[in-house]
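If you want the building blocks of each chain, they are given just below.
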Amino acid sequence: MSKPKIATTSMCGCFGCHMSILDIDERILDLIELVDFHKSPVDDIKEFTDRCAVGLIEGGVSNDENVHVLQSFRENCDMLIAVGGCAINGDIPSMRNKVPLRECLDEAYLHGPTVHNPDGLIPNDPEIPLLLDRVYPCNEVVKIDAFLPGCPPSADTIWTALVAVLNGEPLELPYELIKYD
Amino acid sequence: MSDTFTFTVDGVEVAAEPGQTILEAAQNAGIYIPRLCHRDGLEPAGACRVCTVMVDGRPQTACNFPASEGVVVDNETDQLLELRRDIIDMLFVEGNHWCMFCEKSGDCELQALAYRFGIAAPSFPFQFPADRQADLSHPDIWIDRDRCILCGRCVRASRDLDGKHVFDFVDRGPAKRIAVNAEARLRDTDADVTDEALEVCPVGALMKKGTGFDVPVGRRTYDWEPIGSEIEKRQTQE
Ligand code: SF4
Ligand code: SF4
Ligand code: FES
């Protein structure tokens, strides 16, 4: 039987959760015995061509591209796990939720103390993903099956969860692995 | 003492004296009833409902409900755990709790209760309130209203322990917020960095400046053991 496939993505996050995935150290050798990595920044596979058992989502939903990526993960993965604070509650990027989007853009591109923008234009190229009005937690956009809190979740948390899920066992984190920081 | 009487908590017999609350008597017997707005040494307020137990089948707040002879108290039932979990979830989503940069993280009672209840993510949508103003005016203390859970501990401590009445609530319902006893700013009150009011805040809402992140991750209060285990240990030692 071929190994189950796992896909990962980093949306509105800092890649710290992916660093934490790599931080499982030599257990990564055990992991590739258990799974094949499919679409993921780890192997740079860009499109889904196969069904995946597990999708690991880092980051919240901040722009239209994030929405599309998240929806394609939902379509192509049996189980979606929100990995880390940003995917669960928006975390640091969601600090902008206290400020209207227009004010955020004004501060960043027009009136911020270090801005030099003689044309007075806010970037609006079709190539640039369109920002949403606020940052959304993943489970407000698609159904999420499990949550791994932490900023980032520790390598032990990710490892414990993956081993449980891949062996069809319930995902129960021990006390010291539930952390919000 | 002749006045001592007993009642049960989850079937365990607990001794109490007249005037004790259910929470106090249970705690003396090594039984932890979760609480958030209550703290030993403060007058109970019954504000948060986290300590809700069933007393002879009716929900009551253990922090201010007097113990009495022979009552049957349920504490750790599935129904009560779910109710407490929901309260904690609601407190998280109605404020802005960015734990990853909060100076209180690891020592915060709200977070610790979420850990104890095994909450990986709240089950309600996040509100991201935009109207919670911080007060950074005081040289040694600041108020971060994003994190305030309206428990009223600072109100009671400032009034009853510090004898100052620096804090109180204004407005009602969703607009209710903690305010200071001055026109607008904390620096215009007689609040001081040595006030008890600062020590009692369960979350990172009332903080001392210049002390954040003093304790490294791994050595903070709730890094390894759930909140309440210090009380539960009393039971196992006896
Ligand atoms: S006050 Fe507690 S729950 Fe809120 S952000 Fe700080 S550590 Fe987290
Ligand atoms: S500032 Fe702290 S102690 Fe005061 S009401 Fe808010 S959470 Fe409670
Ligand atoms: S601790 Fe009893 S109501 Fe808050």
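Residues numbered from 1 in each chain as written. Chains lettered and ligands numbered in written order. Predicted model: local features only at pLDDT ≥ 70, side-chain atom pairs only at ≥ 80, totals over all residues. Heavy atoms only, no water.

Colleague: How would you sum up the pairing of strand β5 (residues 77-83) of chain A? Please name residues and give values.
Modeller: All names here are of chain A. Most of β5 sits out of view: five of its seven residues are buried. Bridge count for strand β3 (residues 52-58) against β5 is six bridges, and the pairing is parallel. Each bridged residue has a counterpart across the sheet, and for Leu-56 the counterpart in β5 is Ile-81. Two elements, β5 and strand β7 (residues 146-148), share three bridges in a ladder whose sense is parallel. Within β7, the residue paired with Ile-81 across the bridge is Ala-146. (Buried < 20%, exposed > 50% of the residue type's maximum accessible area, 1.4 Å probe, protein only. Helix = DSSP H or I, 4+ residues; strand = E, 2+ residues; numbered from the N terminus. Pairing = 2+ DSSP bridges.)

Colleague: Break down the confidence of the model for chain B for me, with residues and values.
Modeller: On average, residues of chain B score 96 in pLDDT, and 98% of them reach the 70 mark or higher. In the model output, the complex is listed with pTM 0.96 alongside ipTM 0.94. (pLDDT = per-residue confidence, 0-100.)

Colleague: Give me the lowdown on the environment of His116(A), citing residues and values where you can.
Modeller: Residue and element names in this part refer to chain A. You can see His-116 is positioned in the loop between α5 (101-111) and β6 (131-136). The exposure class of His-116 is exposed, given its relative accessible area of 71%. Distance in space between the C-alpha atoms of His-116 and Asn-66 is 29 Å, their sequence separation being 50 residues.

Colleague: Go over the site of ligand 2, please, and point to the residues and values.
Modeller: Residue and element names in this part refer to chain B. In the vicinity of ligand 2, the contacting residues are Cys-148, Ile-149, Leu-150, Cys-151, Gly-152, Arg-153, Cys-154, Cys-201, Pro-202, Val-203 and Ala-205. Counting atoms within 2 Å of the grid points, the majority share of ligand 2 lands in the second largest cavity. Across the shell around ligand 2, the residue classes break down as nine nonpolar, one polar and one charged. (Near = heavy atom within 4 Å. 1 Å grid on protein atoms, 1.4 Å probe; cavity = no way out; pocket = protein on both sides within 12 Å on 5 of 7 lines; lining within 4 Å. Sits in = over half its atoms within 2 Å of the grid points. Nonpolar A, V, L, I, M, F, W, Y, C, P; charged D, E, K, R; others polar.)

Colleague: Can you break down the interface of chain B and chain A residue by residue, with the values?
Modeller: In this assembly, 31 residues from chain B lie in contact with 21 residues from chain A. Here chain B packs against chain A, burying approximately 2,200 Å² in sum over the two surfaces, 64% of which is carbon and sulfur. Ranking the residues of chain B by area buried against chain A places Met100(B), Tyr115(B) and Phe128(B) at the top, with a combined share of 32%. Connecting chain B to chain A are two salt bridges. Across the pair Asp146(B) and Lys98(A) runs a salt bridge, and its minimum N-O distance is 2.9 Å. Inspection of the region where chain B meets chain A yields eleven residue pairs in polar contact (both at pLDDT 80 or more). For the side of chain B that touches chain A, the residue count by class is 19 nonpolar, six polar and six charged. (Contact = heavy atoms within 4.5 Å. Buried area = accessible area lost by both parts, 1.4 Å probe. Salt bridge = Lys/Arg side-chain N within 4 Å of Asp/Glu carboxyl O. Polar contact = N/O pair within 3.5 Å; in protein donor to acceptor, adjacent residues only side chain to side chain.)

Colleague: Account for the packing of helix α2 (residues 27-34) of chain A against helix α6 (residues 155-166) of chain A, with residues named and values stated.
Modeller: Residues and elements named next belong to chain A. Two elements in contact, α2 and α6, have axes whose closest approach is 12 Å; the angle formed by their N-to-C orientations is 20°. Considering their axes alone, α2 and α6 lie roughly parallel with respect to each other. Viewed along their axes, α2 and α6 form a crossing whose handedness is left-handed. Residues Arg-27, Asp-30, Leu-31 and Leu-34 of α2 lie in contact with α6, whose contacting residues are Ala-155, Asp-156, Trp-159, Leu-162 and Leu-166. Split into classes, the residues belonging to the contact of α2 with α6 amount to six nonpolar, no polar and three charged. (Axes fitted to C-alpha atoms, helices over the stretch in contact; angles between N-to-C directions. Parallel < 35°, antiparallel > 145°, perpendicular 65-115°, else oblique. Left-handed = near helix turned anticlockwise from the far one by under 90°.)

Colleague: Residues and numbers for the pairing of strand β1 (residues 5-9) of chain B, please.
Modeller: Residues and elements named next belong to chain B. Residues Phe-5, Phe-7 and Val-9 of β1 are buried on one face, while the alternating residues Thr-6 and Thr-8, pointing to the opposite face, are not. Pairing of β1 with strand β2 (residues 12-16), which is carried by five bridges, proceeds in the antiparallel orientation. Bridge pairing links Thr-6 to Ala-15 in β2. Between the end of β1 and the start of β2, which pair antiparallel, lie two residues, with Asp-10 showing a positive phi angle near 50°. Bridge analysis of β1 against strand β5 (residues 72-74) gives two bridges, and the strand direction is parallel. When the sheet's bridge partners are listed, Val-9 is paired in β5 with Val-73.

Colleague: Lay out the layout of surface pockets in plain terms, naming residues and giving numbers.
Modeller: All names here are of chain B. The space that makes up the largest pocket amounts to roughly 570 Å³. Those elements that place two or more of their residues in the lining of the largest pocket are α5 (196-200) and β9 (206-208). Of the residues in the lining of the largest pocket, the class split is 14 nonpolar, four polar and ten charged. Its boundaries defined by the atoms lining it, the second largest pocket holds a volume of some 350 Å³. Taken together, 15 residues make up the lining of the second largest pocket; nearest its centre are Asp-131, Arg-132, Pro-174, Ala-175 and Lys-176. Of the residues that constitute the lining of the second largest pocket, the class distribution is six nonpolar, three polar and six charged. (Points joined across faces, edges and corners; volume = space filled by probe spheres on them.)

Colleague: Explain the domain arrangement of chain B to me, using residue names and the numbers behind them.
Modeller: Residue and element names in this part refer to chain B. Split by domain assignment, chain B resolves into domain 1 (5-75) and domain 2 (84-208). Distance between the C-alpha centres of domain 1 and domain 2: 25 Å. With 21 residues of domain 1 at the interface, the matching set in domain 2 holds 20 residues. When domain 1 packs against domain 2, close to 1,500 Å² is buried across both sides, 58% of that on carbon and sulfur atoms. On the domain 1 side of the interface with domain 2, the three residues burying the most area are Leu-36, Arg-39 and Leu-42, jointly 42% of the side's total. Put simply, Glu-43 and Arg-159 hold a salt bridge, and the shortest N to O gap is 3.9 Å. The tally of links from domain 1 across to domain 2 stands at seven residue pairs in polar contact (both at pLDDT 80 or more). (Domains from an automatic or database assignment.)

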